[in-house]
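Okay, here's what each chain looks like letter by letter:
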Amino acid sequence: MTEFGRLVLLIGDYHTPQRKADVPSCFKELLNTDKIGMVLCTGNVGSQSVAEHLRTIAGEDCHIVCGDADHDFNFPETCVTNVGDFKVGVVHGHQLVPWGDDNSLVKFAGRLGVDILVSGHTHRWTHATAMVKWGESVHRNSIVELGGKFLINPGSVTGACNAVGEFDITPSFMLMAVQEKSVVLYTYELKEGQNEPEVKMNELKR
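For every chain, the first residue of the written sequence is number 1, and numbering continues from 1 along that sequence. Owing to the predicted nature of the model, reporting of local features is limited to residues with pLDDT of at least 70; listing and counting of side-chain atom pairs is limited to 80 or more, with chain, interface and lining totals taken over all residues. Here the side-chain values reflect all heavy atoms present in the structure, with hydrogen atoms and water set aside.

In the nomenclature of an unreviewed UniProt entry, the chain corresponds to Vacuolar protein sorting-associated protein 29 from the organism Durusdinium trenchii. In the Sequence similarities (unreviewed entry) part of its UniProt record, the chain is described as follows: "Belongs to the VPS29 family." UniProt positions are given in the numbering used here, feature names are shortened, and annotations may be inferred rather than shown by experiment.

Q: Help me understand the overall build of the chain, please; the structure alone is not making it clear to me.
A: Secondary structure counts use DSSP, requiring at least four H or I residues in a row for a helix and at least two E residues in a row for a strand, with both numbered from the N terminus. Counting secondary structure elements, the chain contains three helices and eleven strands. Helices and strands appear in the chain in the N-to-C order β-α-β-α-β-β-β-α-β-β-β-β-β-β. With 206 residues in all, the chain has 54% of them scored as buried. Residues count as neighbours in contact if any of their non-hydrogen atoms are within 4.5 Å of one another. Sequence separation of at least 24 residues holds for 63% of the intrachain contacts in the chain that already meet a minimum separation of 6. What sets the accessible areas is the Shrake-Rupley method with a 1.4 Å probe; for residues, cover comes only from the shown protein chains. For the chain, the computed accessible surface area is about 9600 Å², with 47% contributed by carbon and sulfur atoms. We call a residue buried when its accessible area falls under 20% of the maximum for its residue type, exposed when it is over 50%, and partly exposed in between, using a 1.4 Å probe and counting protein chains only.

Q: Before we go on, may I ask you to explain the sheet that holds strand β7 (residues 143–146) in this structure?
A: Hydrogen bonding along the main chain pairs the strands of a sheet, whether they run parallel or antiparallel. Whether two strands pair depends on DSSP finding at least two bridges between them. The five strands lie next to each other as β4-β5-β6-β8-β7, forming an open sheet whose pairing is mixed. Strand pairing shows two members of the sheet lacking a second neighbour, β4 (78–83) and β7, which therefore form its edges. Going across the sheet, the axis of each strand differs from the next one's by a mean of 20°, ignoring polarity. Across six bridges, β4 lies against strand β5 (residues 86–91) in antiparallel orientation. Opposite T81, over in β5, you have V88 as the bridge partner. Simply put, an axis is a line fit to the C-alpha atoms, just over the touching stretch for a helix, and the angle between two N-to-C directions goes from 0 to 180 degrees.

Q: I'm lost on the pattern of salt bridges in this one. Help?
A: Oppositely charged side chains can pair when the atoms bearing their charge come close. For salt bridges, the criterion is a side-chain nitrogen of Lys or Arg within 4 Å of an Asp or Glu carboxyl oxygen. Taken as a whole and assessed by the stated rule, the structure comprises five salt bridges. The closest approach of N and O atoms between E203 and K205, which form a salt bridge, is 3.8 Å. Overlapping salt bridges, with partners in common, bring together E189, K191, E198 and K200 in one network.

Q: What is the right way to look at the pairing of strand β6 (residues 116–119) in this model?
A: Walk down a regular strand and you will see the side chains alternate between the two sheet faces. Side chains I116 and V118 project from β6 onto one buried face, and the interleaved L117 and S119 project onto a second face that is buried too. Bridge count for β5 against β6 is four bridges, and the pairing is parallel. For V88, the partnering residue across the bridge sits in β6 and is I116. Here β6 pairs with strand β8 (residues 149–152) via three bridges, running parallel. Note that in β8 the partner of L117 across the bridge is L151.

Q: Just to check I follow, could you spell out the packing of aromatic side chains for this structure?
A: Stacked, edge-to-face and tilted labels apply to pairs of Phe, Tyr and Trp rings (six-membered ring for Trp) whose centres lie within 6.5 Å, assigned for plane angles under 30 degrees, over 60, and everything in between, in that order. Going through the model one piece at a time under the given rule, you end up with three aromatic pairs. Considering the side-chain rings of F27 and F173, the 4.9 Å spacing of their centres and the 85° angle between planes classify their relative orientation as edge-to-face. Note that F27 is positioned in helix α1 (residues 25–31) and F173 in strand β9 (residues 172–179), a separation of 146 residues in sequence. When its relative accessible area of 0% is taken as the criterion, F173 is described as buried. Considering the side-chain rings of F73 and F75, the 4.9 Å spacing of their centres and the 10° angle between planes classify their relative orientation as stacked. Given the relative accessible area of 12%, F75 is considered buried. One aromatic cluster in this structure is built from F27, F173 and Y188.

The structure is reproduced here in structure tokens:
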């Protein structure tokens, strides 16, 4: 674990036990730490035990928004909080049409008045090779800079299938380290046949 700034866990789309039995064991080991100060969850937790576990990680700084499958929970639709010098918003993403569309997400970030918007629902995480600027072709990346906003999707931590029936989902989550005007994102991704996750890093600067 890094000592750079405060660690924020970005996680969601568990669908446990409805679509996946559990979180990968190597992820559980990584998340068994006292270095995480905040949890931002994109919803679809699947069970009360998952919600309770997230609260044990960060206590009052655990923020869970309502996913399209969170029928038995009273989670809010959105969450806005401050992390360092950044204002961060969280939404599941099923409310925005088309799902996962960067232009829809950046407009929603503007309505929330946030610098960073964290969303889920697509269950997809793809490493961004470059930040995307307004007016350029927009790729389906999990970390996109568009219209002065950062759009982040941590994927599904269990690798559960998504709403359109795609089953080839790679389990993933993110840790965000914030220090004043800089954000470093560490993406943990467990590819098929591997016992340990791959870690990729992106640095966001204002």
